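Next come the chains, spelled out residue by residue.
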Amino acid sequence: MAAPKAAVVGAGVIGLSTALCIVETCPSCSVTVLSDQFSPNTTSDVAAGMLIPHTCPGTPIHVQKKWFKETFSYLFGISNSAEASEAGIHLISGWQIFKNTPKEELPFWSDVVLGFRSMSEAELQKFPQHQFGQAFTTLKCDCPPYLLWLEKRLKATGVQMHTRKVADLWELHSEYDVVVNCAGIGAHQLVRDENLFPVRGQVLKVHAPWVKNFIRDGDGSTYIYPGIHRVTLGGTREKDNWSLSPDPGTTKDIFDRCCSIEPSLWGAQDIKVKVGLRPSRQSVRLQREVLSQGGAKLLVVHNYGHGAGGFSMHRGTAKETAHLVGECIAALQGSSSRAKL
């Protein structure tokens, strides 16, 4: 058969990294990325890009750990290369603090990040409202640099990118052999997934270059994540809220909360407000599906529903998706060679 054609729908961190993994694992495949939004207008552009996993209740822990480990290793390699600055990837140390000691003092990812340990009494003095904490070094991807770096890698390998609103996967049937659904929250309409819901996140991006360490409240509601150029202050987790309009009351609340754990932030300048909808469900949907219409078939691979954990596991889920795409292509090539016989 002719070179198989794959379309990846979605150009956030999941879509772009999945396209790159398909190119790497199926070099004979022609890949096109289709999306109505590219950086800097994707949900991923709002994310802080911190590698601190958020547990997905419906995905087995050993699977989540594998995805996180693969992602951490991949980004750690980039952070040690000459491309680290362009890709916006850097190591960052800091603290996760708790008002009460958590039931689980060693999270499943503690041996993947670097130097994980309990905080000392001296460190905890910085946070008088908190009685327990963990210190570690992890990685951070700055957006949009990381998305632009992925786009550049894809273009260099001949991947096409088209701005296109896909309303129904079936409309791609005549053009592509395999369609990969990385539509994020868009999958709610695209494939009518009622199990997918938005968790609205509002964050502030501020200029505070003196803040060097990340600080995350253990419940995940308040966090301070320094990037290369700006510090991300958060946040909110508003389930089933579809609004993309910033709320001024929420902006004040986030700023006050962050200043309460890092008072130097009162001097932060140039505050920009961003809102994104985390594509959340009980478990990441990562599976093959065959759509049928009037005797015709379309091979689809889904990779969406990462919630707040997209950056922490993007490379791991992209690799698994690319493997499934390879299986689809092998099945197509097998059926076409049988047809010739």
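Scroll up for the structure.
Reference entry: report on the structure contained in this document. (Residues numbered from 1 in each chain as written. Predicted model: local features only at pLDDT ≥ 70, side-chain atom pairs only at ≥ 80, totals over all residues. Heavy atoms only, no water.)

Some details on the pairing of strand E14 (residues 285–293)
Successive side chains on a regular strand alternate, one facing one side of the sheet and the next facing the other. Looking at chain direction, E14 and strand E15 (residues 296–304) are connected through nine bridges and run antiparallel. Bridging across to E15, Gln293 finds its partner in Ala296. Counting the residues that bridge the hairpin from E14 to E15 gives two residues, and of these Gly294 lies at a positive phi of roughly 50°. (Pairing = 2+ DSSP bridges. Helix = DSSP H or I, 4+ residues; strand = E, 2+ residues; numbered from the N terminus.)

As for empty space enclosed by the protein
Throughout the structure, instances matching the rule amount to one cavity of 30 Å³ or more. Here the largest cavity defines a volume of roughly 50 Å³. At the level of secondary structure, the elements contributing two or more residues to the lining of the largest cavity comprise helix H2 (61–79) and helix H8 (310–340). (1 Å grid on protein atoms, 1.4 Å probe; cavity = no way out; pocket = protein on both sides within 12 Å on 5 of 7 lines; lining within 4 Å. Points joined across faces, edges and corners; volume = space filled by probe spheres on them.)

Comments concerning the packing of aromatic side chains
Applying the stated rule across the entire model yields 13 aromatic pairs. Pairing Tyr146 with Trp149 gives two aromatic rings, centres 5.9 Å apart and planes at 15°, and the pair type is stacked. Taken together, the positions of Tyr146 and Trp149, both in helix H5 (residues 145–156) and three residues apart, correspond to about one turn of that helix. For the pair Tyr146 and Trp149, one class covers both residues: buried. (Phe/Tyr/Trp six-rings, centres within 6.5 Å; stacked < 30°, edge-to-face > 60°. Buried < 20%, exposed > 50% of the residue type's maximum accessible area, 1.4 Å probe, protein only.)

Some thoughts on the nonpolar core
In this structure, Val33, Leu75, Tyr146 and Val178 are the most contacted members of the largest nonpolar core, which totals 66 residues. With residues near it in sequence (within four places) discarded, Val33 still touches Val8, Gly10, Ala11, Leu16, Ala19, Phe38, Val159, Gln160, Met161 and His162. Counting 21 residues, the second largest nonpolar core, distinct from the first, contains Leu124, Val231, Phe255 and Ala268. (Core = buried A, V, L, I, M, F, W, Y, C linked by side-chain atoms within 4.5 Å. Contact = heavy atoms within 4.5 Å.)

A look at the sheet that holds strand E2 (residues 30–35)
Taken together, the six strands give an open sheet; going across it, the order is E6-E2-E1-E7-E15-E14, and neighbouring strands pair in mixed fashion. In this open sheet, the two edge strands, each paired with only one partner strand, are strand E6 (160–163) and E14. For this sheet the average axis-to-axis angle between neighbouring strands, irrespective of direction, equals 20°. Alignment of strand E1 (residues 5–9) against strand E7 (residues 178–181), held across four bridges, turns out to be parallel. Across the sheet, residue Val8 finds its bridge partner in E7, namely Val180. The sheet strands contacting helix H1 (residues 13–25) are E1, E2, E7 and E15, and the helix crosses E2 at an angle near 175°. (Axes fitted to C-alpha atoms, helices over the stretch in contact; angles between N-to-C directions.)

Examining the layout of surface pockets
By volume, the second largest pocket amounts to about 570 Å³. Considering the residues around the second largest pocket, the lining is formed by 29 residues, among which Pro53, His54, Thr55, Cys56 and Arg216 are closest to the centre. Among the residues making up the lining of the second largest pocket, the classes are represented as 12 nonpolar, 11 polar and six charged. (Nonpolar A, V, L, I, M, F, W, Y, C, P; charged D, E, K, R; others polar.)

Overview of the environment of Lys319
Counting through the fold element by element, Lys319 comes out in helix H8. Taking the C-alpha atoms as reference points, Lys319 and Trp210, separated by 109 residues in sequence, lie 37 Å from one another. Contact partners of Lys319, with chain neighbours within four places excluded, come to Cys21 and Glu70.

A few points about the packing of H2 against H5
Two elements in contact, H2 and H5, have axes separated by 14 Å at closest approach and are oriented at 90°. Relative to H5, H2 is oriented roughly perpendicular. Counting all contacts with H2, which are made through Tyr74, Leu75 and Ile78, the residues of H5 involved are Tyr146, Trp149 and Arg153. Considered class by class, the residues forming the contact of H2 with H5 number five nonpolar, no polar and one charged. (Parallel < 35°, antiparallel > 145°, perpendicular 65-115°, else oblique.)

Things to note about the environment of Val113
Looking at the element boundaries, Val113 is found in the loop between strand E3 (89–98) and strand E4 (114–118). Here Val113 falls in the buried class, since its relative accessible area comes to 5%. Sequence spacing of Val113 and Phe72 is 41 residues, and the spatial spacing of their C-alpha atoms is 7.8 Å. Residue contacts for Val113: discarding those within four places in its chain leaves Leu51, Phe68, Phe72, Phe136, Thr137 and Thr138.

What to know about helix H7 (residues 248–261)
Given a rise of 1.5 Å per residue, 14 residues ought to cover 20 Å, and the 21 Å separating the end C-alpha atoms of H7 matches this to within 8%. Where H7 is concerned, the buried positions are Thr250, Thr251, Ile254, Phe255, Cys258, Cys259 and Ile261. Projected down its long axis, H7 shows its buried positions confined to an angular sector of 165°, all on one face. What points out from H7, more than 90 degrees from its buried face, is the exposed set Lys252 and Ser260. Check the buried side of H7 and you find it contacts E3, strand E8 (197–207), strand E9 (214–217), strand E10 (223–226), strand E11 (231–234) and strand E13 (269–280). By the N-cap criterion, in which a side-chain oxygen at the helix start approaches the backbone nitrogen of a residue two or three places on, H7 is capped by Asp247, the distance to Gly249 being 3.2 Å. (Expected span 1.5 Å × (residues − 1). Arc of directions from axis to C-beta. Polar contact = N/O pair within 3.5 Å; in protein donor to acceptor, adjacent residues only side chain to side chain.)

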